[in-house]
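Each chain, letter by letter, is given below.
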Amino acid sequence: MFTRTADEIMALDPELAIIPVGSIEQHGPHLPIMTDWAIATELGRRVAEKMHAFQLPALPVSTNREQMGKKGTVWMEPTTFYQMMTDIILCLKLQGFKRVGIVQCHGGIFIMTPLIRDLNARHNPDLMVAVADTCAFNETLYREGILEANTELHAGEGETSEMLAIAPETVHMDRAVDFVPAVPRPYLSYGSIFRCCPDGVWGEATRGTAEKGERILARSAELAVDALNRAFDYMAAKEKMNYSNF
Ligand SMILES: [Zn+2]
């Protein structure tokens with residue numbers, strides 16, 4: 001959609017905008033730092049097409065201090081991300097967009113929850129904001145047999161497969177490793193990923209294949225559309241309660 005002219009977009013007059021969000025960060029010895037951004041670009045395009053939505057280019061930088069330790073990982077303050085997204089979404093609202101769907105392709109954006117909650121509490125029903133978090137899809141992808149293992153948090157079977165489908169020339173499978181740490185995900189608040197995963201890989205990267213990557217992308221696009229539509233329907237069904245539209 002961002003390849004169209006403004007007049008073409010005026011004629012289409014979409015009410016839904018899609019904002020894909022990625023990250024620039026280390027992805028182990030075998031994947032490029034653009035991994036989350038490349039996946040956000042591809043998945044965002046597929047979701048926007050299916051929903052006939054206006055689409056912004058995928059945002060490359062978000063919050064990822066849990067990935068710090070090697071050069072090439074870039075973050076902003078969570079409060080900056082909150083303010084930046086608020087600015088973008090209210091700019092869309094001013095132009096007549098009524099629904100904004102965020103396609104989140106990086107796990108460590110914990111300020112996403114207050115961001116979305118605050119925007120909906122302030123602006124429902126005139127504006128509805130929903131998120132499809134791809135981290136939440138792994139369970140389904142595993143249950144449906146698309147993923148062989150359910151061990152991935154970062155740079156494992158899923159992301160490696162997706163990158164083999166999107167940009168195989170950037171993937172170094174000869175350097176791929178498998179590693180599943182003994183600590184749970186919240187421990188990324190107590191030390192960077194390199195403290196528990198020496199290679200910066202949390203999952204089974206050697207299981208990655210391009211064919212699997214295409215299946216993951218296709219199914220994730222369906223799951224994202226479904227998650228966004230269900231959230232929008234839920235919000236749209238609300239009636240005013242005393243002083244509150246939220
Ligand atoms: Zn990633």
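The structure contained in this document is the topic of the report that follows. (Residues numbered from 1 in each chain as written. Predicted model: local features only at pLDDT ≥ 70, side-chain atom pairs only at ≥ 80, totals over all residues. Heavy atoms only, no water.)

Attention now moves to the state of the cysteines. Considering all chains together, one arrives at zero disulfides under this definition. With no disulfide of its own, Cys196 has Cys197 as its nearest cysteine by sulfur position, at a separation of 3.9 Å. (Disulfide = S-S within 2.5 Å.)

Bringing the packing of aromatic side chains into the picture now. The geometry of an aromatic ring pair comes down to the distance between the two centres and the angle between the two planes. Under the counting rule described, the total for this entry stands at two aromatic pairs. Summarising the aromatic geometry, the rings of Phe54 and Phe97 are spaced 5.2 Å apart at their centres and angled 35° between planes, so their arrangement reads as tilted. Taken together, the residues span a long stretch of sequence, with Phe54 in strand S2 (residues 54–55) and Phe97 in the loop between helix H3 (78–94) and strand S3 (99–104) at a distance of 43 residues. Judged by its relative accessible area of 16%, Phe54 falls in the buried class. On the basis of relative accessible area, Phe97 is assigned to the buried category, the value being 6%. Judged by centre distance (5.1 Å) and plane angle (85°), the rings of Tyr187 and Tyr190 are edge-to-face. Relative accessible area serves as the criterion here: at 42%, Tyr187 is assigned to the partly exposed category. (Phe/Tyr/Trp six-rings, centres within 6.5 Å; stacked < 30°, edge-to-face > 60°. Helix = DSSP H or I, 4+ residues; strand = E, 2+ residues; numbered from the N terminus. Buried < 20%, exposed > 50% of the residue type's maximum accessible area, 1.4 Å probe, protein only.)

Take the coordination of the zinc ion next. Every protein donor of the zinc ion is accounted for by His27 (NE2), Asp36 (OD), Glu159 (OE) and Glu159 (OE), and the metal-donor separations fall at 1.9 to 2.7 Å. Coordination at the zinc ion comes from four donor atoms whose angles at the metal span 53 to 133°, giving a geometry best classed as irregular. Between consecutive donors of the zinc ion, the numbers of intervening residues give the motif H-x8-D-x122-E. Note that Asp36 is positioned in helix H2 (residues 35–51) and Glu159 in helix H6 (residues 157–166), a separation of 123 residues in sequence. (Donors = N, O, S within 2.8 Å, 3.2 Å for Na, K, Ca; no water. Tetrahedral: all angles 85-135°; square planar, octahedral: opposite > 155°, others 65-115°.)

Cis geometry is found at the peptide bond from Asn124 to Pro125, where omega equals 0°. By the element assignment, Pro125 lies in the loop between helix H4 (112–123) and strand S4 (128–133). Residues other than glycine seldom take positive phi values, yet Ala155 does so here, at roughly 65°. Within the secondary structure, Ala155 is located in the loop between helix H5 (138–143) and H6. One non-glycine residue with positive phi stands out, namely Asn242, at about 55°. Secondary-structure assignment places Asn242 in the segment after helix H8 (210–236).

Now for the pattern of salt bridges. Under the defined criterion, the tally for this structure stands at twelve salt bridges. A salt bridge links Arg46 to Glu42, with the shortest nitrogen-to-oxygen separation between them at 2.8 Å. With Arg46 and Glu42 both in helix H2, this residue pair falls four residues apart, about one helical turn. In this structure, Arg46 and Glu42 share a single accessibility class: buried. Between Glu144 and Arg219 there is a salt bridge; the shortest N-O distance is 2.7 Å. One end of the pair, Glu144, is in the loop between H5 and H6; the other, Arg219, is in helix H8, with 75 residues separating them in the sequence. (Salt bridge = Lys/Arg side-chain N within 4 Å of Asp/Glu carboxyl O.)

Attention now moves to the packing of H2 against H6. Each packed pair of helices is defined by two parameters, the angle between the axes and the distance between the axes. Axis separation between H2 and H6 bottoms out at 10 Å; the angle between their running directions is 65°. As H2 runs across H6, the sense of the crossing is left-handed. Counted together, Thr35, Asp36, Ala38, Ile39 and Glu42 of H2 and Glu159, Glu162, Met163 and Ile166 of H6 form the full contact between these two elements. Looking at the contact of H2 with H6, its residues break down into four nonpolar, one polar and four charged. (Axes fitted to C-alpha atoms, helices over the stretch in contact; angles between N-to-C directions. Left-handed = near helix turned anticlockwise from the far one by under 90°. Contact = heavy atoms within 4.5 Å. Nonpolar A, V, L, I, M, F, W, Y, C, P; charged D, E, K, R; others polar.)

Interpretation in functional terms is not warranted from these geometric data alone.
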